Amino acid sequence: MNIRHRRRTVVAASALLATSLTLAACSGGGDEDTDSGSDSDSGSSIGTDPDSFEVMTANENPTLREQLDALAANQCSAENDALPLEHRTIAQADTVQQITLLASQGALPSHFIAGTDQVRPDGDLGGGGLVLDYEEAFTESGAWENVLPAAASTIESVYGQMVSMPYQYNLEGFWYNKEILAELGLEEPQSYDELVDAADAAAEAGYIPIAQAGADGWPMTRLMGLYIFRNVGPDAMAQVRDGEASLTDPEYVAGAQALQDLALSGALGEGFISRTGDQATAALLSGQALMKYDGTWLLSAVNDPERNEVGEENIGFMPFPDVSGGAGSADQYPANAGAAMAINPETYGPLTADWFACIAENYGQQALSDAGVLSGFAVNGDVGDIPAATADIQERMSTIDETVLWFEALLDSESNSLASTNVSLLTNGDMSAEEYMTQLQESIDSNR
Amino acid sequence: MTRVFGDRKTILILLLPTLSIYVLLKVIPVAWSLGLSFFQGNTLRGFEFIGLDNFREFLGDSAALNSVWVSVGFAVIVTIAQVTFGYLLALLYVFVLRKGSAFVRTAVFFPMVLPTVAVALLFKSLIAVGENQGPVNDAINAFGGESIEFLASTAGTMTIAVVMTLWSSMGFYAVLLYTGLLDIPEEVVESARMDGATGPRLVGYIIIPLSLPILLSSIIFSLNATLKVFDSLLALNNGGPGTTTAPLTLYMYRTAFEYAEYGYGSTIALALTLLCLVFTLVVFRPSSKRVED
């Protein structure tokens, strides 16, 4: 009985091991397939047109789909007749998973949203030649002149190569309520200390000083990151990436400490940890809050009379101010170009190239006139009357010499996620500034 | 007929379709996942055989070990609470409400049919704080207390998660245990009563021992369901604050699908499977002997 039982166990164990090894061998085969796929793609070669111009966007970004539809119906109708536009959508949170799956099946659409890490030169897509570095191709087709140099520079900084179409070009800073600031007898803060004083005055007067969306994580790390950029200088996070500095250095820890102090002083208002982005925007535009740090994508809400109860003329925009004694400057605005929208080199045939050329030529004017969205494309043609806030942002954009990224921009995806998730522990005082930065630096080091 | 079903070939032919589907849908994916845990990478980058490195990494990964504690802590607390409250409700149905328990049973069971994400959003709105105070904080304010931001702390988030899970699943265990109590012969209960056993003595000496099999099944169901908790904690506070309430399932999801590390994700999945197996055996082995006795 025992012998039979033991024999049965051995047979079962052998079968399990054999199955595991067989499957493991199959998995290993995937490696070879991927390698060979990578070798065959040069990364800049012109591909073959598919049957349609398939664009995969995030569910959360209807504006891009609407503007592309508008182009397909008007300025790009000839391109659309030759290669009809088709939309596919995915949840932005599922991007890495879905794109990894599609790319491994050779089923990437012509134009698709991708994860920041994926499209970098050492990323799964960027390293495998599965995204087009379009500068050369656009230069050949003449479309490159429609990509604004500042937007191109930002894309190059974030992704390490020109692999994302600049449908957005955003600056970041504090949106504030001019009426409340005047009521408090204050001018636009020019230094971080003045910003803290203004927050204190607003809190005493019963306003939410800075309405940040703690539930989203990143609006909090932006405040910390900007303090670090102003304190250390515009290359602060590049130094960390390159191993020349550590987040545990005192000047970086000071950034985390500044955020914790700001939060614990009540400057972010009651319940900021569970506050959502929409609630934060509503607080600013309904006159409950003095300030909100956000991007210029907020322009569509500021320009919308139904959402903006205090009136467009009462909302101002200012940069994150100087930190006294810091190496950075308030002139160095953080800039970004939205989520990565990559081009599939395998389907970059002549008809697809025409589509991209048409988008580059017309998107800037279309999006600005129709949705008040500022993009990284040149505005070719009349856009009518532009709201004052939009004009102000345009003016700032035209005068900027140097931009900075955001705190997590150069971090790997795991550290990026950790920065956002742990920030609530930092702001509620459960984690010290040193602990926060130490954990983050450990994550960065382990993912190098 | 007996000869037909006694024939091994017939049994094999009849079982083959179901067995094939089972192997295809269950055994192969599990074996595949087991195989992947010895590799690093993803379908796009390719896979590299790394032997037991993923297992070594798991044992030294503080985030993973924290997730294990979150899963185990949540499972133990919720299981104790939901089986206890479920059993008390079942006793209430049988011995107090009797035939009039149908409405209460339905009312307590009702939250079970709601999607867990909807339940989490409901509880979030109940405990909201800040510009829109929820009813819970309104009540606290009414008694002179200051608003509490439950989701800002680990203890607060876990408390809400436990209460939420209890509210939504207690009715299921109540009904499950109620059916077990109905199986206890009326004569046995009456005899015990005639012998003077009433109230807690009746429950302790007669009802609990006789309903032990269904009670243990409930504990095993509950442990396995709560060890695999995912959507409710994700929707409630995204595993936060920080990652202090992130269960193993959420850590596995993030590793495999957000960081595209399928090999390590499979290792975490295997750890979760082993955890479920260990808990089931710990509850089942001694109890099965006792039931047989």
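This is a predicted model, so every value here is computed, not measured.

Some words on the overall build of chain A
Across its full length, chain A holds 18 helices and 10 strands. Residue burial in chain A is summarised as follows: out of 448 residues, 53% are buried.

Description of the overall build of chain B
The helix and strand inventory of chain B stands at 14 helices and 2 strands. The buried share of chain B, reckoned over its 293 residues, is 44%. Summarising the internal contacts of chain B: among those between residues at least 6 apart in sequence, 66% fall at separations of at least 24.

Looking at the interface of chain B and chain A
Reports of interface size often rely on the accessible area that becomes lost once the parts have come together. On the side of chain A, 39 residues touch chain B, which itself brings 35 residues to the contact. Of the roughly 3000 Å² buried between chain B and chain A on both sides combined, carbon and sulfur atoms contribute 57%. For the pair chain B and chain A, the interface holds 1 salt bridge. Contributions of two or more residues to the side of chain B that touches chain A are made by α2 (8-36), β1 (39-42), β2 (46-49) and α13 (248-258) of chain B. Residue contributions to the side of chain B that touches chain A peak at 6 residues, all from α2 of chain B. Among the residues forming the side of chain B that touches chain A, the class breakdown is 18 nonpolar, 12 polar and 5 charged.

Overview of a negative patch on the surface
Together, D235, E244, D322, D331, D401 and E402 of chain A line one region of the surface with negative charge. Relative to the elements of secondary structure, D235 of chain A occurs in the loop between α10 (218-232) and α11 (236-241).

Here we look at the state of the cysteines
All names here are of chain A. What the rule picks out here adds up to 1 disulfide over all chains. Between C76 and C358 runs a disulfide, and the two sulfur atoms are separated by 1.9 Å. Judged by the sign of its S-S torsion, about -100 degrees, the cystine formed by C76 and C358 is left-handed. In this pair, C76 sits in the loop between α2 (62-73) and α3 (77-82) while C358 sits in helix α15 (residues 350-371), placing the two residues 282 residues apart along the sequence. Residue classification places C76 among the buried residues on the basis of a relative accessible area of 0%.

Section: the pattern of salt bridges
All told, the structure shown has 12 salt bridges over all chains when counted by the stated rule. Between E172 of chain A and R222 of chain A there is a salt bridge; the shortest N-O distance is 2.8 Å. On the criterion of sequence distance, the pair formed by E172 of chain A in strand β4 (residues 170-177) and R222 of chain A in helix α10 is long-range, its members being 50 residues apart. Of the two residues examined, E172 of chain A and R222 of chain A, each falls in the buried class. Residue R241 of chain A is joined to D242 of chain A by a salt bridge in which the shortest nitrogen-to-oxygen separation is 2.9 Å. Overall, D242 of chain A belongs to the partly exposed group, its relative accessible area being 43%. Through salt bridges with shared partners, a single network forms among D124 of chain A together with R45 and E261 of chain B.

Some thoughts on unusual backbone geometry
Residues and elements named next belong to chain B. That bond from G240 to P241 is cis: its omega, 5 degrees, falls within 30 degrees of zero. Among the structural elements, P241 can be located in the loop between α12 (231-237) and α13. The phi angle at R98 is positive, at roughly 50 degrees, despite the residue not being glycine. By the secondary structure assignment, R98 is in the loop between α4 (62-97) and α5 (102-109). Non-glycine residue N238 carries a positive phi angle of around 55 degrees. For N238, the location among the structural elements is in the loop between α12 and α13.

Some points on helix α16 (residues 388-399) of chain A
Residue and element names in this part refer to chain A. For α16, with 12 residues, the first-to-last C-alpha span of 17 Å sits near the 16 Å given by 1.5 Å per residue. Residues of α16 that are buried: A389, T390, I393, R396 and M397. Seen along its axis, α16 keeps its buried residues to an arc of 120 degrees; they face one direction. Seen from the open side of α16, the exposed residues pointing more than 90 degrees away from its buried face are A388 and S398. In this structure, the buried residues of α16 make contact with β4, α14 (299-302), β7 (315-318), β8 (333-336) and α15.

Considering the side chain of T221 of chain A
For T221 of chain A, the position within the fold is in helix α10. T221 of chain A has contacts with F407, E408, A419, S420, V423 and Y436 of chain A, leaving out every residue within four places of it along the chain.

Describing the sheet that holds strand β3 (residues 111-114) of chain A
All names here are of chain A. Strand order in the open sheet made by the 4 strands is β2-β1-β3-β9, with mixed pairing throughout. A strand with exactly one partner marks an edge of an open sheet, and here the two such strands are β2 (85-90) and β9 (340-343). With direction set aside, neighbouring strand axes in the sheet form an average angle of 30 degrees. Across 4 bridges, β3 lies against β9 in antiparallel orientation. By the bridge assignment, H111 is partnered in β9 with I343. Helix-sheet contacts for α2 involve β1 (53-58), β2 and β9, and the interaxial angle to β2 is about 175 degrees. In the packing of α15 onto the sheet, contacts are made with β1, β2, β3 and β9, and the angle to β1 comes to roughly 50 degrees.

Details of the pairing of β3 of chain A
Residues and elements named next belong to chain A. Burial along β3 is two-sided: H111 and I113 and F112 and A114, pointing in opposite directions, are all buried. With 2 bridges connecting them, β1 and β3 associate as parallel partners. By the bridge assignment, M56 is partnered in β3 with F112.

Thoughts on a nonpolar patch on the surface
Together, I11, L15, L19, I21, Y22, V23, L24, L25, V27, I28 and W32 of chain B make up an exposed nonpolar region whose accessible area comes to about 1000 Å². Within the secondary structure, I21 of chain B is located in helix α2.

Concerning the confidence of the model for chain B
Residue and element names in this part refer to chain B. Considering every residue of chain B, the mean pLDDT works out to 89; 96% of them sit at 70 or more. Of all secondary-structure elements in chain B, the lowest mean pLDDT belongs to helix α1 (residues 2-6), at 70, while helix α3 (residues 53-59) reaches the highest, 95. For this predicted complex, the interface score ipTM comes out at 0.75, while the overall pTM is 0.80.

Remarks on the packing of aromatic side chains
In the structure shown here, the tally under the stated rule is 25 aromatic pairs over all chains. What links up through ring pairs into an aromatic cluster is the set F53, Y134, F138, W144, Y348, W355 and F356 of chain A.

Here we look at the nonpolar core
Of all hydrophobic cores here, the largest spans 114 residues; its most connected members are L125, F138, Y252, I359, Y436 and M437 of chain A. Those residues in contact with Y252 of chain A, other than ones at most four positions away along the chain, are I228, V232, A236, M237, Q239, V240, A245, S246, L247 and M437 of chain A. With 41 residues, the next largest nonpolar core counts Y87, A90, L227 and L248 of chain B among its residues.

Observations regarding helix α8 (residues 154-182) of chain B
Taking 1.5 Å per residue, 29 residues should reach 42 Å; α8 of chain B reaches 40 Å between its end C-alpha atoms and fits that length. Between a side-chain oxygen at the N-terminus of α8 of chain B and the backbone nitrogen of G156 of chain B the separation is 3.0 Å; the capping residue is S153 of chain B.

A short note on the environment of V131 of chain A
Residue and element names in this part refer to chain A. The residue V131 is located in the loop between α5 (116-119) and α6 (135-141) in this model. Owing to a relative accessible area of 5%, V131 belongs among the buried residues under this scheme. Put simply, V131 and V163 are 32 residues apart on the chain and 6.4 Å apart in space, counted from C-alpha to C-alpha.

Topic: the environment of T296 of chain A
Examined against the element boundaries, T296 of chain A turns out to sit in the loop between β6 (289-295) and α14. Along the primary structure T296 of chain A and Y169 of chain A are separated by 127 residues, whereas in three dimensions their C-alpha atoms are 8.4 Å apart.

Conventions and cut-offs
Residues numbered from 1 in each chain as written. Chains lettered and ligands numbered in written order. Predicted model: local features only at pLDDT ≥ 70, side-chain atom pairs only at ≥ 80, totals over all residues. Heavy atoms only, no water. Helix = DSSP H or I, 4+ residues; strand = E, 2+ residues; numbered from the N terminus. Buried < 20%, exposed > 50% of the residue type's maximum accessible area, 1.4 Å probe, protein only. Contact = heavy atoms within 4.5 Å. Buried area = accessible area lost by both parts, 1.4 Å probe. Salt bridge = Lys/Arg side-chain N within 4 Å of Asp/Glu carboxyl O. Nonpolar A, V, L, I, M, F, W, Y, C, P; charged D, E, K, R; others polar. Patch = residues over 30% accessible without salt bridge, like charges linked within 9 Å, V, L, I, M, F, W, Y side chains within 5 Å. Areas by Shrake-Rupley, 256 points an atom, 1.4 Å probe, with all protein chains shown as cover. Lys, Arg positive; Asp, Glu negative; His and termini not counted. Charge placed at Lys NZ, Arg CZ, Asp CG, Glu CD. Disulfide = S-S within 2.5 Å. Expected span 1.5 Å × (residues − 1). Arc of directions from axis to C-beta. Pairing = 2+ DSSP bridges. Axes fitted to C-alpha atoms, helices over the stretch in contact; angles between N-to-C directions. pLDDT = per-residue confidence, 0-100. Phe/Tyr/Trp six-rings, centres within 6.5 Å; stacked < 30°, edge-to-face > 60°. Core = buried A, V, L, I, M, F, W, Y, C linked by side-chain atoms within 4.5 Å. Polar contact = N/O pair within 3.5 Å; in protein donor to acceptor, adjacent residues only side chain to side chain.

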